[in-house]
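# Survey of secondary and tertiary structure
Here is how the chains run, residue by residue.
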Amino acid sequence: MDPQPIPTRSESWLAEIVRSMQAAEQVALARDLDPEDEDHEWFLCVAEEAVRLARAARGIEEPFADPDASMDEVTDLTVELRRQAPGDPDNHHINELQHFLLYYLAAHVHADLLPAPAAGAVVHACWLAPVPGADDDEDEDATEVWPIANPPPESVQAWIDELLEVWPSCQPAAAPAGKPQRKLLQAAVAAALAQRGVTAKQTATEELVTVISGMEADLRREGPEVERLTRFAPAAFAIYYLWTHIAIGHADEDLAMTVVQAIGSQLDEFEA
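Quick caveat, the model's predicted, so the values are computed rather than measured.

### Regarding helix H10 (residues 233–247)
Taking 1.5 Å of rise per residue, the 15 residues of H10 would be expected to cover 21 Å, and the 21 Å separating its terminal C-alpha atoms lies within 8% of that figure. Within H10, 15 of the 15 residues are buried, which leaves the element mostly enclosed by the surrounding structure. Gly249 occupies a position one or two residues after H10 and carries a positive phi of about 85 degrees.

Next up, the structure:
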């Protein structure tokens with residue numbers, strides 16, 4: 001994603017933050033997290049995504065060298081920014097948007113992209129904004145299902161056959177081994193949407209790419225076998241392609257992992 005200019009108005013900040021929050025929540029949903037669980041894993045995931053998305057929006061794609069220590073530093077900054085918001089700073093009962101807002105702005109301060117007073121002014125201006133979807137009658141935790149024209153495969157082998165059919169047109173986007181596969185990710189998302197007959201606006205597609213990127217980062221923590229697979233362009237492509245289907249509501253994670261593991265033993269067919 002190309003760096004985006006830092007907003008200069010609170011309305012622009014709020015629009016950017018809402019879009020990013022919705023993308024972060026899709027990542028949390030894809031990881032099967034529940035905002036109602038008492039372990040707070042949902043909010044930890046959304047906070048981490050807020051920081052990652054804030055950095056990515058400004059062109060910083062590199063992960064933290066020490067994620068735990070850096071997130072602690074960002075969290076400390078959110079405490080300071082909370083003091084710039086209306087109301088009692090010691091009242092920790094804040095809503096989802098306020099939680100995301102603090103981490104998104106704190107990430108900018110942490111990366112020296114925005115002075116703390118300027119970030120505090122944005123927090124103050126956006127603090128009382130309504131939470132998107134809070135008044136919707138639909139289940140807020142449900143993954144949005146995108147309309148499709150062509151149904152997805154119904155078996156592991158059918159998925160592999162489709163991937164073998166689509167892969168040649170996307171292979172030129174693959175980067176050399178060890179390099180970031182951003183272009184391959186974008187190509188896989190576009191191919192998945194085209195295969196399902198989806199017509200989407202560019203902004204929606206870009207947000208989907210961001211969601212898949214976050215899901216890939218989580219996948220790399222699944223273990224050495226999966227991490228090893230992501231080093232091979234065909235396997236990385238398959239992951240992007242399958243996780244696109246998960247994000248649009250037309251595949252489940254268990255099936256996707258089964259397909260990815262099957263591909264691990266059939267990489268020679270992709271390289272033929």
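### Focus: the environment of Val46
Tracing the backbone through its elements, the reader meets Val46 in helix H2 (residues 41–57). On the basis of relative accessibility, which here comes to 4%, the residue Val46 falls in the buried class. When residues no more than four places from it in sequence are discounted, the contact partners of Val46 are Ala24, Glu25, Ala28, His99 and Phe100.

### Describing the packing of helix H6 (residues 156–170) against helix H11 (residues 253–264)
Closest axis-to-axis distance for the H6/H11 pair is 10 Å, and the angle between their directions is 65 degrees. The element H6 and its partner H11 pack so that their crossing is right-handed. Of H11, the residues touching H6 (which contributes Val156, Trp159, Ile160 and Leu163) are Leu255, Thr258, Val259, Ala262 and Ile263. Taken together, the residues of the contact of H6 with H11 break down into 8 nonpolar, 1 polar and no charged.

Thresholds applied
Residues numbered from 1 in each chain as written. Predicted model: local features only at pLDDT ≥ 70, side-chain atom pairs only at ≥ 80, totals over all residues. Heavy atoms only, no water. Helix = DSSP H or I, 4+ residues; strand = E, 2+ residues; numbered from the N terminus. Expected span 1.5 Å × (residues − 1). Buried < 20%, exposed > 50% of the residue type's maximum accessible area, 1.4 Å probe, protein only. Contact = heavy atoms within 4.5 Å. Axes fitted to C-alpha atoms, helices over the stretch in contact; angles between N-to-C directions. Left-handed = near helix turned anticlockwise from the far one by under 90°. Nonpolar A, V, L, I, M, F, W, Y, C, P; charged D, E, K, R; others polar.

The quantities given are spatial measurements derived from coordinates; they are silent on function.
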